[in-house]
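Breakdown of the fold
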Amino acid sequence: MQTPRGAASLSGVFAALLAGAVLVAGCSTQQRTAQQQTAGWSNNRLYSEARDERNSGSYDRAVELYNVLEGRAAGTTLAQQAQLEKAYAYYQNGDPGPALATLDRFIQLNPASPALDYAYYLKGVVHFSESSGGWLSFLTKQEIAERDQRAAKASFDAFKELITRFPESRYASDARRRMVYIANAMSESELAIATYYYKQGAYVAAINRAQSTVSNYDGTPSQEKALAILAQSYAALGLDQPRDDTLRVLETNFPESPYLKQNYSGKPKSWWQLW
């Protein structure tokens, strides 16, 4: 018997929906089980047991207990603490998505919490960890022009929010150090992409990336080389005025730069002659 057109795709959709329903049902069942198992527990015992589970590496179990505690202690500082520690348990378990969702919910629902600085800090840390596969992907075989900096930027923004709103926070010092690291890494990423485009003869794209490095990452070590790429790309396109303007900026900010000795009269014979 011939299968009607579209039946296969419909059955696939049904299977996916069924699998999702089973997953949700499984989570609900686990949560009900946790509630039943802890029915006679005090909130303090719940918190202590959840923390013990997390410290022992049983992150899924810890999350279950934190969820129960959130419900029972709703509206209290203990519920807020449970929510933050649940986010940290997700992070420790390598689940950045649920960790970030939990932190965003905490920030939205608890704008006056004394732990708000920690929520922003942990959000930055989670993104910081997540971004290691993005702007550091030049260590892999991934094409350099395809690197994703969104997680790194999100990390930077979370740390910036922390130090702007809570400059005296105990987490501010580490956040500042991480921001410097992120800025340097992101500028190196932009510079690497600009270099990639320059090698390919895509001078307009190289200019855009080099300008991004110069404009967005002031004070980073990448500035000097970015200006050199920018000047050489302008030269390759026969744009003398912006080339000269860029060289003046390079000379003003890096008077001892070896790039000032290069030939910027036009396209070099080989890209490596630039550095």
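Below or above, wherever it landed, is the structure these notes cover.

Description of the overall build of the protein chain
If you tally the helices and strands in the protein chain, you get eleven helices and zero strands. Counting helices and strands in the order they occur from the N terminus, the protein chain gives α-α-α-α-α-α-α-α-α-α-α. For the protein chain, buried positions account for 40% of its 275 residues. Counting only contacts in the protein chain whose residues sit at least 6 apart along the sequence, the fraction spanning at least 24 positions is 56%.

Here's the deal with the packing of helix α8 (residues 172–199) against helix α10 (residues 223–236)
The geometry of α8 relative to α10 is characterised by a closest axis approach of 10 Å and an angle of 25° between their N-to-C directions. Taken as axis vectors, α8 and α10 run roughly parallel relative to one another. In the packing of α8 onto α10, the handedness of the crossing is left-handed. In this structure, α8 contributes L191, A194, T195 and Y198 to the contact, and α10 contributes K225, A226, I229, Q232 and S233.

Points about the side chain of S222
Tracing the backbone through its elements, the reader meets S222 in the loop between α9 (203–216) and α10. Using a relative accessible area of 1% as the deciding quantity, one classes S222 as buried. The residues touching S222, leaving out its near neighbours within four places in the chain, are S187, E188, L191 and T213.

As for the pattern of salt bridges
Under the criterion given, the structure shown has 15 salt bridges. In this structure, the salt-bridge partner of K153 is D157, at a minimum N-O distance of 3.0 Å. Of this pair, K153 and D157 both sit in helix α7 (residues 150–165), separated by four residues, roughly a single helical turn. Residue R243 is joined to D240 by a salt bridge in which the shortest nitrogen-to-oxygen separation is 3.5 Å. With R243 and D240 both in helix α11 (residues 240–253) and three residues apart, this pair spans about one turn of that helix.

Some points on the environment of A39
Along the polypeptide, A39 turns up in the loop between α1 (7–37) and α2 (43–55). For the pair A39 and V68, spaced 29 residues apart in the sequence, the C-alpha separation amounts to 9.8 Å.

A short note on the packing of α8 against α9
When two helices pack together, their arrangement is given by the angle between their axes and by how far apart the axes lie. Remark: α8 packs on α9, axes separated minimally by 8 Å, with the N-to-C direction vectors making an angle of 165°. Compared by their axis directions, α8 and α9 come out roughly antiparallel. When you trace α8 past α9, the crossing you get is left-handed. Along the contact surface, α8 presents S187, E190, L191, I193, A194, Y197 and Y198, while α9 presents Y203, A205, A206, R209, A210, S212 and T213. Considering only residue class, the contact of α8 with α9 consists of nine nonpolar, three polar and two charged.

Digging into a nonpolar patch on the surface
On the surface, a cluster of nonpolar side chains totalling about 240 Å² of accessible area is made up of V204, L237 and L239. Turning to its location among the elements, L237 is positioned in the loop between α10 and α11. For L237, a relative accessible area of 38% corresponds to the partly exposed category.

Describing α2
Helical geometry: 3.6 residues make up each α-helical turn, so side chains three or four residues apart lie on a common side. Compared with the 18 Å implied by 1.5 Å per residue over 13 residues, the 18 Å span of α2 between its first and last C-alpha is a close match. Here α2 has its buried residues at L46, Y47, A50 and R54. One side of α2 holds all its buried residues, which, seen down the axis, span an arc of 95°. Opposite the packed face of α2, turned more than 90 degrees from it, sit the exposed residues N44 and N55. Lining the buried residues of α2 we find α3 (59–72) and α4 (77–92). Directly beyond the C-terminal end of α2, a positive phi value near 90° is found at G57.

Here we look at the packing of aromatic side chains
One pass over the structure, following the stated rule, counts seven aromatic pairs. Consider the rings of Y118 and Y171, whose centres lie 5.4 Å apart with planes at 50°: the pair is tilted. Highlighted residues: Y118 in helix α6 (residues 116–130) and Y171 in the loop between α7 and α8, separated in sequence by 53 residues. Assessed through its relative accessible area of 18%, Y171 is described here as buried. Every member of this aromatic cluster is reached through a ring pair, and the members are Y118, Y121, F159 and Y171. Here R178 stacks its cationic end above the ring of F128, 4.9 Å away from the centre of that ring.

Reading the values: rules and limits
- Residues numbered from 1 in each chain as written.
- Predicted model: local features only at pLDDT ≥ 70, side-chain atom pairs only at ≥ 80, totals over all residues.
- Heavy atoms only, no water.
- Helix = DSSP H or I, 4+ residues; strand = E, 2+ residues; numbered from the N terminus.
- Buried < 20%, exposed > 50% of the residue type's maximum accessible area, 1.4 Å probe, protein only.
- Contact = heavy atoms within 4.5 Å.
- Axes fitted to C-alpha atoms, helices over the stretch in contact; angles between N-to-C directions.
- Parallel < 35°, antiparallel > 145°, perpendicular 65-115°, else oblique.
- Left-handed = near helix turned anticlockwise from the far one by under 90°.
- Salt bridge = Lys/Arg side-chain N within 4 Å of Asp/Glu carboxyl O.
- Nonpolar A, V, L, I, M, F, W, Y, C, P; charged D, E, K, R; others polar.
- Patch = residues over 30% accessible without salt bridge, like charges linked within 9 Å, V, L, I, M, F, W, Y side chains within 5 Å.
- Areas by Shrake-Rupley, 256 points an atom, 1.4 Å probe, with all protein chains shown as cover.
- Expected span 1.5 Å × (residues − 1).
- Arc of directions from axis to C-beta.
- Phe/Tyr/Trp six-rings, centres within 6.5 Å; stacked < 30°, edge-to-face > 60°.
- Lys NZ or Arg CZ within 6 Å of the ring centre and 35° of its normal.

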